[in-house]
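This is what each chain is made of:
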Amino acid sequence: MSEVRPKKALGQHFLTDQGIAQSIVAALRNDPAQPRDVLEIGPGMGVLTQYLLKREDIDPMMIEIDSESVEYLLTHFNGMPGKLIEGDYLKLNIDRFFKGPYRIIGNFPYNISSQIFFKILDDKDKVPEVVCMIQKEVADRIAEKPGSKTYGILSVLLQAWYDIDYILSVGPGAFCPPPKVKSAVIRLTRNSRTDLGCDEKLFKTVVKTAFNQRRKTLRNALKPLVKEGMDTSDPVFDLRAERLGVEDFVALTKMFED
Ligand code: SAH
């Protein structure tokens, strides 16, 4: 069977550099304390899958939305039935496929990488490790510390629950067709935090609202959340969202709790 025809709408840029594919798979830790179950999001033609299947410390499963890729994987790899789910990662309830925690790996479709991270955050207590290739700009933003212009919602929310390691940068020439942007591989490792010390849902709302108008001071940006009679004289309200680290956002959220 011929190769999969790349579809832009599905973010299909197939990695062709085998060395990079091996480095990505190697970035998933070989650690008996980590779960054996691993979910690969968007295997495409299986450039990562082939190396995942060779590892004896993991049990990989794949989820792919594109029926043409699914057909390709079924004809090119043995033992795919039972390991390959045809479906949309964003819509499926992944708990159906794993009894316990599982790790995630993938060259993510760049057009939906933020949505993938929000879903991982929803499942954070089931997902102790993520290795992914994404647009370099997004990777930089996620790993960024407070004070920078690119620091944003995903930086705060992911850093609250995960330690971020920058693994490697990848140029467009490693793909077919080459994407217009640079790429990077990062690893997220769940930290030991079990509780934020404030209401989690409100924390998310405060972070999102604060960055929605990131040029404004928090006093102005958070106006929609301020209840009557609430005291916003604390000097933190003179700052912009980009200046606050995770702990600062926790403290800020507490001010909004009843
Ligand atoms: N892993 C392959 C393909 C990366 S391109 C490689 O490295 O070459 C991204 C892949 O994600 C494509 O195969 C695309 O079909 C798939 N994909 C896109 N949206 C998806 C979704 N919502 N759920 C599952 N897979 C998806």
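Figured I'd write up the structure that's included with this text. (Residues numbered from 1 in each chain as written. Predicted model: local features only at pLDDT ≥ 70, side-chain atom pairs only at ≥ 80, totals over all residues. Heavy atoms only, no water.)

**Observations regarding the overall build of the protein chain**
To keep things clear, this is the line we draw: Helix and strand assignments come from DSSP, with helices taken as H or I runs of at least 4 residues and strands as E runs of at least 2, each series counted from the N terminus. When we talk radius of gyration, it's over C-alpha atoms, and the globule rule is simply 2.2 Å times the number of residues to the 0.38. A simple rule labels every residue: compare its accessible area, found with a 1.4 Å probe on the protein chains alone, to the largest value its type can have, and call it buried under 20%, exposed over 50%, or partly exposed in between. We call two residues in contact when some of their heavy atoms are within 4.5 Å. Exposure was quantified through the Shrake-Rupley algorithm and a 1.4 Å probe, taking into account, for residues, occlusion by the shown protein chains and nothing else.
From N to C terminus, the protein chain includes 9 helices and 9 strands. For the protein chain, whose C-alpha radius of gyration is 20 Å, the value lies close to the compact-globule estimate of 18 Å for 258 residues. In terms of overall dimensions, the protein chain has a C-alpha envelope of 65 × 40 × 30 Å along the principal axes. A buried classification covers 50% of the 258 residues belonging to the protein chain. A separation of at least 24 residues holds for 68% of the contacts in the protein chain among residues at least 6 apart in sequence. Entry remark: accessible area of the protein chain is about 12600 Å², with carbon and sulfur atoms responsible for 49%.

**Quick word on the side chain of Ser 113**
Cut-off, in case you're wondering: Here a polar contact means two N or O atoms within 3.5 Å. Within protein one must be a hydrogen donor candidate and the other an acceptor candidate, and residues neighboring in sequence count only if both atoms are side-chain atoms.
With respect to the element layout, Ser 113 can be found in helix α4 (residues 113–122). Exposure remark for Ser 113: the relative accessible area of 2% places this residue in the buried category. Within polar-contact distance, the side chain of Ser 113 engages the backbone oxygen of Tyr 110 at 3.3 Å. With residues near it in sequence (within four places) discarded, Ser 113 still touches Ile 134 and Val 138.

**A word on helix α5 (residues 136–143)**
What sets the pattern is the α-helix's 3.6 residues per turn: residues three or four places apart point alike. The condition that has to hold: Taking the helix axis as origin, the arc is that swept by the directions to the C-beta atoms.
Within α5 the residues assigned to the buried category are Val 138, Ala 139 and Ile 142. Here the buried residues of α5 occupy an arc of 100° about the axis, which is enough to place them on one side. Of the surrounding elements, those touching the buried residues of α5 are α4, β6 (129–135), α6 (153–161), β7 (162–170) and β9 (183–190).

**Points about the layout of surface pockets**
Where we set the bar: Buriedness of a pocket was judged along seven lines, with at least five required to meet protein on both sides within 12 Å; pockets are open sets of points on a 1 Å grid over the protein atoms alone, cavities are sets where a 1.4 Å probe fits but cannot get out, and lining residues have an atom within 4 Å of a point. Grid points are joined across faces, edges and corners, and a volume is the space filled by probe spheres set on the points. For this scheme, ten residues count as nonpolar: Ala, Val, Leu, Ile, Met, Phe, Trp, Tyr, Cys and Pro. Four count as charged, namely Asp, Glu, Lys and Arg, and the remainder, Gly too, count as polar.
As a volume, the largest pocket reaches approximately 670 Å³. Lining the largest pocket are 38 residues, with Gln 12, Phe 14, Gly 42, Gly 44 and Glu 64 sitting closest to its centre. For the lining of the largest pocket, the secondary-structure elements that each account for two or more residues are β1 (14–15), β2 (37–41), β3 (59–64) and β8 (175–176). Among the residues making up the lining of the largest pocket, the classes are represented as 22 nonpolar, 12 polar and 4 charged. Volume-wise, the second largest pocket comes out at about 180 Å³. Around the second largest pocket sit Lys 8, Gly 11, His 13, Tyr 110, Asn 111, Pro 178, Pro 179, Lys 180 and Val 181, which together line it. Among the residues making up the lining of the second largest pocket, the classes are represented as 4 nonpolar, 3 polar and 2 charged.

**Points about the pattern of salt bridges**
This is how the line gets drawn: By definition, a salt bridge exists where a carboxyl oxygen of Asp or Glu is found within 4 Å of a side-chain nitrogen of Lys or Arg.
Taken as a whole, this structure holds 19 salt bridges when the rule is applied. For Asp 57, the salt bridge is made with Arg 55, and the minimal N-O distance between the two is 2.7 Å. Note on accessibility: Asp 57 and Arg 55 belong to one class, buried. Here Lys 136 and Asp 140 are joined by a salt bridge, their closest N and O atoms 3.0 Å apart. One end of the pair is Lys 136 and the other is Asp 140, both in helix α5 and 4 residues apart, which spans about a single turn. Here Lys 136 falls in the partly exposed class, since its relative accessible area comes to 22%.

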